[in-house]
Amino acid sequence: MVDYISGLNEPQREAVMHGNGPLMIIAGAGSGKTRVLTYRISYLIENGVDPFRILALTFTNKAAGEMRNRIEKVVGTEARNIWMGTFHSVFAKILRIEAKAIGYSSNFSIYDTDDSKSLLRSIIKEMALDDKIYRVNHVFGRISGAKNRLIGPDDYLNNPIIQADDESARMPHIGKIYKQYALRCFAANAMDFDDLLFNTNVLFRDHLDILNKYQHKFQHVMVDEFQDTNVSQYLITRKLAAVHENICVVGDDAQSIYAFRGANIENILNFQRDYGKENVKIVKLEQNYRSTKNIVEAANSIIARNKNQLEKHVFTDNEDGPLIEVIKASSDNEEGRLVASAIFETKMNESLPNNDFAILYRTNAQSRAFEEALRKMSIKYRIIGGLSFYQRKEIKDLIAYLRFTVNQQDEEAFKRIINLPKRGIGDTTVAKISVIAAEKEDSVWEIVAEINKHVTGRAALAIEAFADLIKSFKLLLDQKDAFEVASHIAKASGLLKELYEDKTVEGLARYENVQELLNAIKEFVDNPDNEEKSLGAFLQSVSLLTTADEKEDDGDNDKVTLMTIHAAKGLEFKNIHIVGMEEDLFPSQMMLESRNDLEEERRLFYVAITRAEKRLTMSYAETRYHYGRLKMCEPSRFLMEMDQRYLKLSKLRSAPSRMDFDKPERDRSESTSTGSMSFVRSLAQRTARTQNPQTAASHTPSPDFAPTSTAELAAGQRVEHAKFGFGTVKQVDINGTDRKATIQFETAGEKVLLLSFAKLRVVA
DNA sequence: GCAGCCTACATTTTT
DNA sequence: TGTAGGCTGC
């Protein structure tokens, strides 16, 4: 037997060896949380608990998979039998088994956010509401928030406070939209992400026999990342654990970063209340094994500013390590170059692999400058998140076919594929079918079956042909595995053919992506871990993937990782760059405007800092292109908030900052130029010159072409455009946010241009 | 019904 | 800056 107990510290051991009864582990960053959780599960199994009777809920499928592997190393193959996965995937599984009880059939579809929003868009249109007032994002947010607090459509309509809220926001009909949305999802035999939790609650509330079955089945319930669970999730676990009361939650209130989607830190307080203070065992893991002292203490200096938090003191016995470096760049592109050179330099000096580095940013849109800079320096990188494989049009198209083949009630899939490839069924006809279906509270498929009652002529024939096609696919479901069905559908639907005939570069890439999807299905079928190999099983696994779950595009793991801070939760890297440290960007202006929760932004910063093991670098830019507009930026208040003793302003890589770092004199004297610096600087200059190679279309811009702000652009001015060359401004029109200029070019004639700063420069 | 142009518009994080 | 949705002309 593996001796894993002796290597643990005292609180870790307590947590691992705690037997029955509620247990709450408050685990500071880097305190060995995953280790404790895996050992605890191993310990339970070794002490006679049947793995089938352990339910472990994690935040991502990847976390679940890793934990399973680690447990397997201790207890062997038995680990495979543990019920482990994300809330959404585990309860989707249970809902499939018990679907009948709540009026669904087990082949229900899972609507992703795009499907939900598209359905809402149709409903708002059908109800003749103004989509400028009823903005889809807002409506969706309201509905999602309600579901996460277990407020169904009728409760929503009958709740005077909610109604008053909507009235004052001048959107009194959100309740009606919600109701219609719920009806349509139900008619479509579809659940959105929130429904997977909401309906599990309904299932357990209305069917005590079913609840009872699972209550007895699960002898132990574990919840990882407890701080990020919402009320709906918490209630499910509470119900499931009500019989044995063997519930173990692990979390860190300081790392709660999902309040925006309903996560509720109060769950941590409720936990004690619900199980009785005297019954709950609380273990605090406060020793950090991951990071240097400087990093741990700098992180502490940030989080100490938050008022709402549990008492806890994270400390480390690790060495001090280097100070945290701050880089100032003049623009977002320069920030990209400086960060890429810094990575290059560290990598060379210390002979480190690429995968020791990560670049963390607040928003996905920030990745561009870093991608460019890394590419130019031939440093391999990968991006987590952003537009993922499964969000690509061609992939969603095929998946919609697969979904509709499995579940013909799926209205959103229907709308996507009914006229794809083009078969002469226009928007008018599709909208008509939707409306009739909604009126009769039937699914679209029922209407399609009797299409001749509603539609005549060419469209009717086309729809009949479509229905026959789907029926022919459906026949295959019981005879063939997911891969065979999917390949047949890709060919017979005409999707592959259409892409194959598109010989453009993009068309080729799309064709390959579809092949790649088919490969993924093949892998799914061939994977012995998957008990069920049906198309439905594959679709479920795919629709609940998280961004962190995306598989490597190739076998090469030695890459710099670029991702949002949210995506970095639970990961660690030797060297971390936190970039875009500017006011309004991080902390995000949006967040401050909409929810005014500076503390959550600060926790996010805390998460980012504590990902670093050895070296942490932060950077900010003084100017940034924001939706094509040049924006002046101030350094983030978070830079000021951090205890300045841990910071080192990098004068090596930029001009002196206006920021007053108030540093001790000895630190300043260190910041003089070095040999490696001149290397970095020349590298930075070299990459600067090779920028924008694609602008040479019909005009070669002047060698020093650098876009200037066109804010002061006026008639009569002489300008240079990156593509059209030199010219004179004839007229400038400002209309709302759009700025247009009529310019007479010397060689390209007169043009009216939507002003794009990146391409235009005022000639002095 | 469809393609292509134009215009207006929205920009946080993700199961 | 990108893109989604509207509009126009076939």
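Criteria and cut-off values
- Residues numbered from 1 in each chain as written.
- Chains lettered and ligands numbered in written order.
- Predicted model: local features only at pLDDT ≥ 70, side-chain atom pairs only at ≥ 80, totals over all residues.
- Heavy atoms only, no water.
- UniProt positions renumbered as here; feature names shortened; annotations may be inferred.
- Helix = DSSP H or I, 4+ residues; strand = E, 2+ residues; numbered from the N terminus.
- Buried < 20%, exposed > 50% of the residue type's maximum accessible area, 1.4 Å probe, protein only.
- Contact = heavy atoms within 4.5 Å.
- Areas by Shrake-Rupley, 256 points an atom, 1.4 Å probe, with all protein chains shown as cover.
- Axes fitted to C-alpha atoms, helices over the stretch in contact; angles between N-to-C directions.
- Parallel < 35°, antiparallel > 145°, perpendicular 65-115°, else oblique.
- Left-handed = near helix turned anticlockwise from the far one by under 90°.
- Nonpolar A, V, L, I, M, F, W, Y, C, P; charged D, E, K, R; others polar.
- Pairing = 2+ DSSP bridges.
- Near = heavy atom within 4 Å.
- Polar contact = N/O pair within 3.5 Å; in protein donor to acceptor, adjacent residues only side chain to side chain.
- Salt bridge = Lys/Arg side-chain N within 4 Å of Asp/Glu carboxyl O.
- Phe/Tyr/Trp six-rings, centres within 6.5 Å; stacked < 30°, edge-to-face > 60°.
- Lys NZ or Arg CZ within 6 Å of the ring centre and 35° of its normal.
- Core = buried A, V, L, I, M, F, W, Y, C linked by side-chain atoms within 4.5 Å.

An unreviewed UniProt entry lists chain A under the name DNA 3'-5' helicase, with Spirosoma profusum as the source organism. Quoted straight from UniProt, the Sequence similarities (unreviewed entry) entry for chain A says "Belongs to the helicase family. UvrD subfamily."

Engineer: With reference to specific residues and values, describe the overall build of chain A.
Structural biologist: When its secondary structure is counted, chain A shows 31 helices and 24 strands. In chain A, which comprises 764 residues, the share counted as buried stands at 53%. For chain A, long-range pairs separated by at least 24 residues make up 74% of all intrachain contacts whose partners lie at least 6 apart in sequence. By element, 50% of the accessible surface of chain A is carried by carbon and sulfur atoms, the whole surface being about 34800 Å².

Engineer: Just give me the short version of the packing of helix H5 (residues 113–126) against helix H6 (residues 136–148), but keep the residues and values in it.
Structural biologist: Helix-helix packing: each pair is described by the crossing angle between the helix axes and the interaxial distance. Viewed as axis vectors pointing N to C, H5 and H6 meet at an angle of 110°, and their least axial separation amounts to 10 Å. The angle between the axes of H5 and H6 places the two elements in the roughly perpendicular class. For the pair H5 and H6, the crossing hand works out as right-handed. Only Val-136, Asn-137, Val-139, Phe-140 and Ile-143 of H6 make contact with H5, whose side of the interface consists of Thr-113, Ser-116, Lys-117, Leu-120, Arg-121 and Ile-124. Taken together, the residues of the contact of H5 with H6 sort by class into six nonpolar, three polar and two charged.

Engineer: Can you explain the UniProt feature "binding site: ATP" (unreviewed entry) in chain A? Please cite residues and give values.
Structural biologist: The UniProt entry lists Ala-27, Gly-28, Ala-29, Gly-30, Ser-31, Gly-32, Lys-33 and Thr-34 under the feature "binding site: ATP" (unreviewed entry), expressed in the numbering used here. Residue placement: Gly-28 occurs in the loop between strand S1 (23–27) and helix H2 (33–46). Residue classification places Gly-28 among the buried residues on the basis of a relative accessible area of 4%. With residues up to four places along the chain from it excluded, the contact list for Gly-28 reads Asp-252, Gln-255, Leu-285, Lys-312 and Val-314. As for its placement among the helices and strands, Lys-33 is situated in helix H2. If we skip the residues at most four places from it in the chain, Lys-33 touches Ala-27, Asp-224, Glu-225 and Val-250.

Engineer: Can you explain the environment of Ile-268? Please cite residues and give values.
Structural biologist: Checked against the element boundaries, Ile-268 lands in helix H13 (residues 266–275). Counting along the chain gives 108 residues from Ile-268 to Pro-160, while the straight-line C-alpha distance between them is 29 Å. Not counting residues within four places of it along the chain, the set of residues in contact with Ile-268 comprises Met-24, Ile-26, Phe-226, Gln-227, Asp-253 and Leu-310.

Engineer: Tell me about the sheet that holds strand S7 (residues 247–251), and please be specific about residues and values.
Structural biologist: The six strands lie next to each other as S3-S2-S6-S7-S1-S8, forming an open sheet whose pairing is parallel. Looking at which strands have only one partner, the edges of the open sheet turn out to be strand S3 (83–86) and strand S8 (281–285). Strand-to-strand, the axes of this sheet are offset by a mean angle of 15°, without reference to chain direction. Bridge analysis of S1 against S8 gives five bridges, and the strand direction is parallel. The partner of Ile-25 across the bridge, within S8, is Val-283. With respect to the sheet, H13 is in contact with S1, S7 and S8, its orientation differing from that of S1 by roughly 160°.

Engineer: How would you sum up the protein's contact with DNA strand B? Please name residues and give values.
Structural biologist: Neighbouring DNA strand B are 25 residues, the closest being Arg-362, Asn-364, Thr-428, Thr-546 and Tyr-627. Take the atoms of DNA strand B that sit within 4 Å of the protein: sugar and phosphate atoms are 60% of them. Side-chain polar atom of Thr-113 to a base oxygen of DNA strand B: 3.3 Å apart, as the coordinates give it. Counting residues per element, the ones that place at least two in the surface near DNA strand B are helix H19 (427–440) and helix H27 (589–594). Within the surface near DNA strand B, the residues separate by chemical class into six nonpolar, 15 polar and four charged.

Engineer: Got a sec to walk through helix H12 (residues 231–240)? Specific residues and values, please.
Structural biologist: Among the residues making up H12, those that are buried are Ser-232, Gln-233, Tyr-234, Ile-236, Thr-237 and Leu-240. The N-cap of H12, judged by a side-chain oxygen 3.1 Å from the amide nitrogen of Ser-232 a few residues on, is Asn-230.

Engineer: Could you give me a rundown of the pattern of salt bridges, with the residues and numbers involved?
Structural biologist: If you walk through the whole model with that rule in mind, you get 44 salt bridges. Lys-312 serves as the salt-bridge partner of Asp-253, at 3.2 Å between the closest nitrogen and oxygen. With Asp-253 in the loop between S7 and H13 and Lys-312 in the loop between helix H14 (293–303) and strand S10 (315–316), the pair connects residues that are 59 residues apart, well separated along the chain. Judged by relative accessible area, Asp-253 falls into the buried class, the value being 4%. We note a salt bridge from Glu-450 to Lys-453, for which the minimum N-O separation is 3.2 Å. Using a relative accessible area of 22% as the deciding quantity, one classes Glu-450 as partly exposed. Owing to a relative accessible area of 63%, Lys-453 belongs among the exposed residues under this scheme. Each of the salt bridges in this network shares a partner with another, and the network as a whole consists of Lys-33, Asp-224, Glu-225, Asp-228 and Lys-569.

Engineer: Outline the packing of aromatic side chains, listing residues and values.
Structural biologist: A complete count under the given rule lists 22 aromatic pairs for this structure. Note on Phe-586 and Phe-605: the rings are 5.7 Å apart at their centroids and 90° apart in plane angle, and the pair reads as edge-to-face. With a gap of 19 residues between them, Phe-586 in the loop between strand S15 (573–578) and H27 and Phe-605 in helix H28 (residues 598–609) connect regions that are remote in the sequence. Of the two residues, Phe-586 and Phe-605, both sit in the buried class. Taken together, the aromatic side chains of Trp-83, Phe-204, Tyr-214 and Phe-218 make up a single cluster linked through ring pairs. Lying across the ring of Trp-83, Lys-93 places its NZ or CZ 4.3 Å from the centre. Sitting above the plane of the Phe-59 ring, Lys-569 keeps its charged end 3.7 Å from the centroid.

Engineer: Provide a residue-level description of the sheet that holds S15, including the pertinent values.
Structural biologist: With respect to topology, seven strands assemble into an open sheet ordered S13-S14-S12-S15-S16-S11-S19, the strand pairing being parallel. Of all strands in the sheet, those with a lone pairing partner are strand S13 (381–383) and strand S19 (647–649), marking the two edges. Sheet twist, expressed as the mean angle between neighbouring strand axes with direction ignored, is 25°. By the bridge criterion, five bridges tie S15 to strand S16 (residues 612–621) in an arrangement that is parallel. Its bridge partner being in S16, His-577 is matched across the sheet by Thr-617. Packed onto the sheet, helix H15 (residues 332–350) meets strand S11 (324–329), strand S12 (357–361), strand S14 (560–564), S15 and S16 and runs at close to 155° relative to S16.

Engineer: Which residues make up the nonpolar core, and what are the values?
Structural biologist: Membership of the largest hydrophobic core comes to 53 residues, with the highest contact counts inside it found for Leu-398 and Ile-521. Of all hydrophobic cores here, the second largest spans 45 residues; its members include Ala-358, Ile-384, Ile-609 and Met-642.

Engineer: Can you explain the pairing of S12? Please cite residues and give values.
Structural biologist: Extensive coverage of S12 is indicated by the burial of five of its five residues. By the alternation rule, side chains of S12 split into Phe-357, Ile-359 and Tyr-361 and Ala-358 and Leu-360, which are all buried. In terms of strand pairing, S12 meets S15 through four bridges, oriented parallel. Residue pairing for S15: Leu-360 is matched across the bridge by Ile-578. Pairing geometry for S12 and S14, over four bridges, is parallel. Residue pairing in the sheet places Leu-360 in a bridge with Met-563 of S14.

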